[in-house]
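# Chains, contacts and geometry: an overview
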Amino acid sequence: QTTETVTVSATVTTSVTCSLSTTTTNFGTIDASAVYTSSPNVTTTVSCNPAAGCQVQINDQGSGTQPGLWNSSASYLIPSPDSAFNATATLVAGTEGYGIQATTTAVGSGGTLTLNVRYNQTGNTVGGLTTTTIQLASSSQPVANREIVVTHKAAISGLTPAGSYQDTITYNCVSN
């Protein structure tokens, strides 16, 4: 009798993907009487298969040098999250500020996504955006179709110049 063996091999390529539910969200017309929430919220669906997991990073355009909502016509910035560019701030009507909150849903499978505590906020407390890359959420193992829901909030003062304000937030998904 003769015994022979067969070696079977396969390679699974690394895959890290993120998809956004929308590429635009809008506050509409705002004034100093309230804290505003843009609509719709932005849901990021994350899938990755590296054994060490992955992370979702964000980067804010703002004015180009400071994070926030920028009015290029007036060269004016509504700072993120407040005038001192703190990590977090509680927005109040009549005081300028802008930032985001993040939460995760039960959708998906595999590991879980852990939010950066800076953005894991409720009520009118927001995490400040940065013009450098910062982690929004991460996993320590593979995930499939996990979701992060980002809410954008802003407030202005009576002295905020009238006009159109914009911001661009770039999302990047990378393996750990």
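Below is a short write-up of the structure. Keep in mind that this is a model prediction, so the values were computed, not measured. (Residues numbered from 1 in each chain as written. Predicted model: local features only at pLDDT ≥ 70, side-chain atom pairs only at ≥ 80, totals over all residues. Heavy atoms only, no water.)

It is worth spelling out the side chain of Thr160 at this point. Structurally, Thr160 is set in the loop between β13 (143-155) and β14 (169-175). Here Glu96 takes part through its side chain, which lies 2.4 Å from a polar atom of the side chain of Thr160. A distance of 3.0 Å separates a polar atom in the side chain of Thr160 from the backbone nitrogen of Ser157. With sequence-adjacent residues up to four places away left out, Thr160 is seen in contact with Tyr76, Ile78, Glu96 and Tyr165. (Helix = DSSP H or I, 4+ residues; strand = E, 2+ residues; numbered from the N terminus. Polar contact = N/O pair within 3.5 Å; in protein donor to acceptor, adjacent residues only side chain to side chain. Contact = heavy atoms within 4.5 Å.)

Here we come to the nonpolar core. Core analysis: the largest hydrophobic core is formed by 29 residues, its most contacted members being Ile58, Tyr98, Tyr119, Leu136, Ile148 and Tyr171. Elements that contribute at least two residues to this core include exactly β3 (42-48), β4 (54-60), β8 (97-104), β12 (134-138), β13 and β14. Counting residues per element, this core draws most heavily on β13, at 4 residues. Tyr119 has contacts with Ile58, Ile100, Gln101, Ala102, Gly127, Gly128, Leu129, Ile134, Gln135 and Leu136, leaving out every residue within four places of it along the chain. (Core = buried A, V, L, I, M, F, W, Y, C linked by side-chain atoms within 4.5 Å. Buried < 20%, exposed > 50% of the residue type's maximum accessible area, 1.4 Å probe, protein only.)

A sheet is described by the order of its strands in space; here 4 strands give the open sequence β10-β12-β4-β14, paired in antiparallel fashion. The sheet terminates laterally at β10 (114-115) and β14, the two strands that pair on one side only. In this sheet, β12 lies alongside β10 in antiparallel orientation, the contact comprising 2 bridges. Bridge pairing in β12 places Leu115 opposite Ala137. (Pairing = 2+ DSSP bridges.)

All right, on to the packing of aromatic side chains then. Scanning the entire structure with this criterion turns up 1 aromatic pair. Judged by centre distance (6.3 Å) and plane angle (75 degrees), the ring pair of Phe27 and Tyr98 falls under edge-to-face. Highlighted residues: Phe27 in the loop between β1 (16-20) and β2 (36-37) and Tyr98 in strand β8, separated in sequence by 71 residues. Tyr98 matches Phe27 in its accessibility class, with the two residues each being buried. (Phe/Tyr/Trp six-rings, centres within 6.5 Å; stacked < 30°, edge-to-face > 60°.)

A separate point is unusual backbone geometry. Note that the residue after Ser39, namely Pro40, is joined by a cis bond; omega there is -5 degrees. Checked against the element boundaries, Pro40 lands in the loop between β2 and β3. Of note, the amide linkage connecting Ser80 to Pro81 takes the cis form, showing an omega dihedral of -5 degrees. Summarising the element assignment, Pro81 is placed in the loop between β6 (76-79) and β7 (88-90). Residue Phe85 is not a glycine yet carries a positive backbone phi of 55 degrees. A relative accessible area of 32% places Phe85 in the partly exposed class. Of note in this structure, Asn145 is not a glycine but carries a positive phi near 55 degrees.

Within a regular strand, side chains alternate between the sheet's two faces. Where burial is concerned, most of β13 is hidden: 11 out of the 13 residues are buried. Of the strand pairs in this sheet, β3 and β13 are connected by 6 bridges, and their pairing is antiparallel. By the bridge assignment, Thr44 is partnered in β13 with Ile148. Bridge count for β8 against β13 is 8 bridges, and the pairing is antiparallel. Across the sheet, the residue bridging to Thr103 is Val149, located in β13.

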